[in-house]
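Observations on the model geometry
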Amino acid sequence: MRRIASLVWERGRTPITFLGFLVVWQLAVVGLRVEEFVLPTPLSAIAHLILPQSDADYHWIKHIAATLSEVGLSFMVTVVVGIGIAVLVAWSSTANKLFIPVFVFVNSLPIVATAPIILLWFGYGIFTNIFIAFIISFFPMVINTATGLNAVEEDLLDLVRYHGASKWQIFVKIRLPNSLNYIFSGLKICSTLCVVGAIIGEFIASETGLGYLIVNSQFTVDTPAIFACLIVISIMGLSLFGLVSLVQKLVMPWEQRVFTG
Amino acid sequence: MRQLKTYMTRVRTFIANHYLKVLQVVGFFILWQIIAMLIDKVFIIPSPLAVFSALFDPELAAQYKWIEHIVTTLTEIALGFALSAGVGVLIAVTISWSKLLRDIFMPLLVFFNSIPKIAMAPLFLIWFGYGIIPNALIAILIGFFPVVINSATGLNEVDEDLLDLVNYLHATKLQVFTKIRLPNALPYIFSGLKISTTFCVVGAIIGEFIAAERGLGYLLMDSQALIDTPPMFAGLIVISILALGLFGLISVFEGILMPWQKSSTAAI
């Protein structure tokens, strides 16, 4: 019995503690009679999400669809453009030396501050939000991929060059498989950043989406609706992260990685 | 004559070491100027010159109230970062003190770190109203987690053999902590602090985007509404300098506290 309990604890620590956190939250809010607009209970937030409310119609489907399409599209664009540029840069060592330091430098800046400029250029709407999500997740993707493509053992390269391997062969057989791990860690970072970017875009430049709904609910002091949005956004972020982990397991079965997150 | 020669060699090695960076910076501004001249619409992209005059021309600078906005944002960032660092390290120390606390709180912290917390920003406006406090709290909201997770990791990743040895020698828990765990955690703490610097800047700016009457984020949104691009680009430069300055400050501290470790200021 004790062994089973300890096994359950080992495997399910995150869900168990999170559930405990929710229970404490629920009891604290009910017990201390906290006003709903200050802090709603988790149950009330879920109720706002799944039950029709008498005083407000949230159009959940519309907002979730808008945010989900922004996150999905920006993630795909980031992956394609990010990996594409990393491959181009890693192809030539001059380009590598010239661009990678620039990317690393820009990555250390608060890129999200460009959001109002992007809004100015493209106006309100889904494209602006996709672009904001893209611009904040692009740099980690490029840097991770390029690092992986370059982190190859020099001895191995010497060996295959001695055997007359072409640049293309080296790329496909050595650099790419070597970089998979790095690419996937980039994808995981992007999975969160794309959600963050889409939400920030919706905060400042949108009339649909969960980020818009959050800001709108802030005006109407509808705190339970904000928490309902937070639940959906968290599920979105975690699902995308889980999806990437799943694909990683399929693509790299030899790597038995611990699922963290 | 000889001095001049050593001076010249020094200049030469400096150029040899840094010419690429100088080239990149100069190239960036030239490229920007050319693009601005080609597009030739100030409401799309201002020239570098227009941006610098928005910053330094006394009349324009007074109109944009740079000092007021910079002081506001800087206060938010400083408050947010100081509290993220202080509370983050303190909580990390507390939870790494006992295995039970660690087992309960680490999964929660890692979980909350992986969700998009910035979506909670508008809540802080409901709770605390407009102003410096909510924006500093938003900075803490996203700047706190890297510090606590990195510090806790560093405090726990200690060589088991070393612990066995000092336990055998009857070291107290406090001794183990100050002589082994803390020095071992320093690199982790500093890498957490460095991540946190950028996060705090981002948090403060996003808070100002959503709701503020002062600060660089407010200036950016306000100028966006007025389609006045020079202060937007100037604001971007100022924000970047603030972020790099804070990052550099932490690197300096790192160098002082851990002289044995070559500071990894690769980003700059």
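Residues numbered from 1 in each chain as written. Chains lettered and ligands numbered in written order. Predicted model: local features only at pLDDT ≥ 70, side-chain atom pairs only at ≥ 80, totals over all residues.

1. A word on the overall build of chain B
Note the following rule: Numbering goes from the N terminus for both helices and strands, where a helix is a DSSP run of H or I of at least four residues and a strand is a run of E of at least two. Remark: C-beta atoms are placed from the backbone, and a residue is labelled buried if 20 or more other C-beta atoms sit within 10 Å of its own, exposed if 12 or fewer do, or partly exposed between those counts. We call two residues in contact whenever the C-beta atoms placed from their backbones are within 7 Å.
Scanning chain B from terminus to terminus reveals 11 helices and zero strands. In sequence order, chain B lays out its α and β elements as α-α-α-α-α-α-α-α-α-α-α. Reported as C-alpha extents along the three principal axes, the dimensions of chain B are approximately 75 × 70 × 25 Å. In chain B, which comprises 268 residues, the proportion classed as buried is 40%. Contacts in chain B between residues far apart in sequence, at least 24 positions, make up 74% of those at least 6 positions apart.

2. Focus: the overall build of chain A
Summing up its helical and strand segments, chain A has 11 helices and zero strands in all. In chain A, the succession of helices and strands from N to C terminus is α-α-α-α-α-α-α-α-α-α-α. Seen through its C-alpha atoms, chain A measures out along the principal axes to roughly 75 × 60 × 30 Å.

3. Focus: the domain arrangement of chain B
Filter applied, for reference: Residue ranges for the domains originate in an automatic or database domain assignment.
Domain parsing of chain B yields domain 1 (2-40) and domain 2 (56-257). When each unit is reduced to the centre of its C-alpha atoms, the spacing between domain 1 of chain B and domain 2 of chain B is 33 Å.

4. Re the domain arrangement of chain A
Partitioning chain A into structural domains gives domain 1 (2-34) and domain 2 (58-251). If you average the C-alpha positions of domain 1 of chain A and of domain 2 of chain A, the two centres end up 32 Å apart.

5. Quick look at the environment of Leu49(B)
Among the structural elements, Leu49(B) can be located in helix H2 (residues 48-56). Distance in space between the C-alpha atoms of Leu49(B) and Tyr218(B) is 23 Å, their sequence separation being 169 residues.

6. Things to note about unusual backbone geometry
Excluding glycine, a negative phi dihedral is what most residues carry, and trans is how most peptide bonds are arranged. Residue and element names in this part refer to chain B. Its identity as a non-glycine residue notwithstanding, Lys-65 has a phi of 50 degrees, on the positive side. The topology assignment puts Lys-65 in the loop between helix H3 (58-64) and helix H4 (66-97). In this structure, Ile-227 takes a positive phi of about 50 degrees despite not being glycine. You can see Ile-227 is positioned in the loop between helix H10 (216-225) and helix H11 (229-257). Given 11 C-beta atoms within a 10 Å radius, Ile-227 is considered exposed.

7. Some words on the interface of chain A and chain B
The following threshold applies: Each residue is assigned to one of three groups, with Ala, Val, Leu, Ile, Met, Phe, Trp, Tyr, Cys and Pro labelled nonpolar, Asp, Glu, Lys and Arg labelled charged, and all others, Gly among them, labelled polar.
Counting from both sides, the interface comprises 41 residues of chain A and, opposite them, 37 residues of chain B. Those elements that provide at least two residues to the side of chain A that touches chain B are helix H2 (13-31), helix H5 (93-107), helix H6 (115-122), helix H9 (167-204), helix H10 (210-219) and helix H11 (223-251) of chain A. Its residues assigned to classes, the side of chain A that touches chain B shows 29 nonpolar, 11 polar and one charged.

8. Focus on the nonpolar core
Here is the rule: Only buried residues count toward a nonpolar core: Ala, Val, Leu, Ile, Met, Phe, Trp, Tyr and Cys, linked into one set through C-beta atoms within 7 Å.
Among the nonpolar cores identified, the biggest contains 129 residues, and Ile199(A), Ile200(A), Cys229(A), Ile205(B) and Ile206(B) are the most heavily contacted of them. Not counting residues up to four positions away in its chain, the partners in contact with Ile206(B) are Val112(A), Ile200(A), Ile118(B), Ala121(B), Ile138(B) and Gly217(B).

9. Remarks on the packing of H5(A) against helix H7 (residues 126-150) of chain A
Residues and elements named next belong to chain A. Put simply, the rule is: Comment: axis = line fitted to C-alpha atoms, over the contacting stretch for helices; angle = value between 0 and 180 degrees taken between N-to-C directions. Orientation labels follow simple angle bins: below 35 degrees gives roughly parallel, above 145 gives roughly antiparallel, 65 to 115 gives roughly perpendicular, and whatever is left gives oblique. Handedness of a helix crossing follows the sense of rotation of the near helix relative to the far helix, less than a right angle counterclockwise being left-handed and clockwise being right-handed.
At their nearest, the axes of H5 and H7 sit 9 Å apart, and the two run at 140 degrees to each other. On the basis of the axis angle, H5 is oblique to H7. In the packing of H5 onto H7, the handedness of the crossing is left-handed. Residues Asn-96, Ile-100, Phe-103, Val-104, Val-106 and Asn-107 of H5 touch H7, and the partners they reach there are Phe-139, Pro-140, Val-142, Ile-143, Ala-146 and Asn-150.

10. Focus on helix H8 (residues 154-162) of chain A
For H8(A), a buried count of zero out of nine residues is recorded, marking the element as mostly open to its surroundings. Two residues or fewer after H8(A) comes Gly164(A), characterised by a positive phi angle close to 80 degrees.

11. Comments concerning the packing of helix H4 (residues 60-91) of chain A against H9(A)
All names here are of chain A. Look at H4 against H9: their axes get within 9 Å of each other, and the N-to-C directions meet at 135 degrees. Of the possible angle classes, the one that applies to H4 and H9 is oblique. In the packing of H4 onto H9, the handedness of the crossing is right-handed. In contact with Thr-67, Glu-70, Val-71, Ser-74, Phe-75, Thr-78, Val-79 and Ile-83 of H4, H9 contributes Ile-183, Leu-187, Cys-190, Ser-191, Cys-194, Val-195, Gly-197, Ala-198 and Glu-202. Its residues assigned to classes, the contact of H4 with H9 shows 10 nonpolar, five polar and two charged.

12. Describing the confidence of the model for chain B
All names here are of chain B. The condition that has to hold: The predictor rates its confidence in each residue with pLDDT, a number between 0 and 100.
With 96% of its residues at a pLDDT of at least 70, chain B reaches an overall mean of 88. The secondary-structure element of chain B with the lowest mean pLDDT is helix H1 (residues 2-39), recorded at 82, while H4 shows the highest, at 94. Low confidence marks residues 263-268, where pLDDT is under 50. Its contacts with residues over four positions away, or in another chain, come to 11 contacts.

13. Details of the environment of Met252(A)
Relative to the elements of secondary structure, Met252(A) occurs in the segment after H11. Along the primary structure Met252(A) and Pro177(A) are separated by 75 residues, whereas in three dimensions their C-alpha atoms are 9.2 Å apart.

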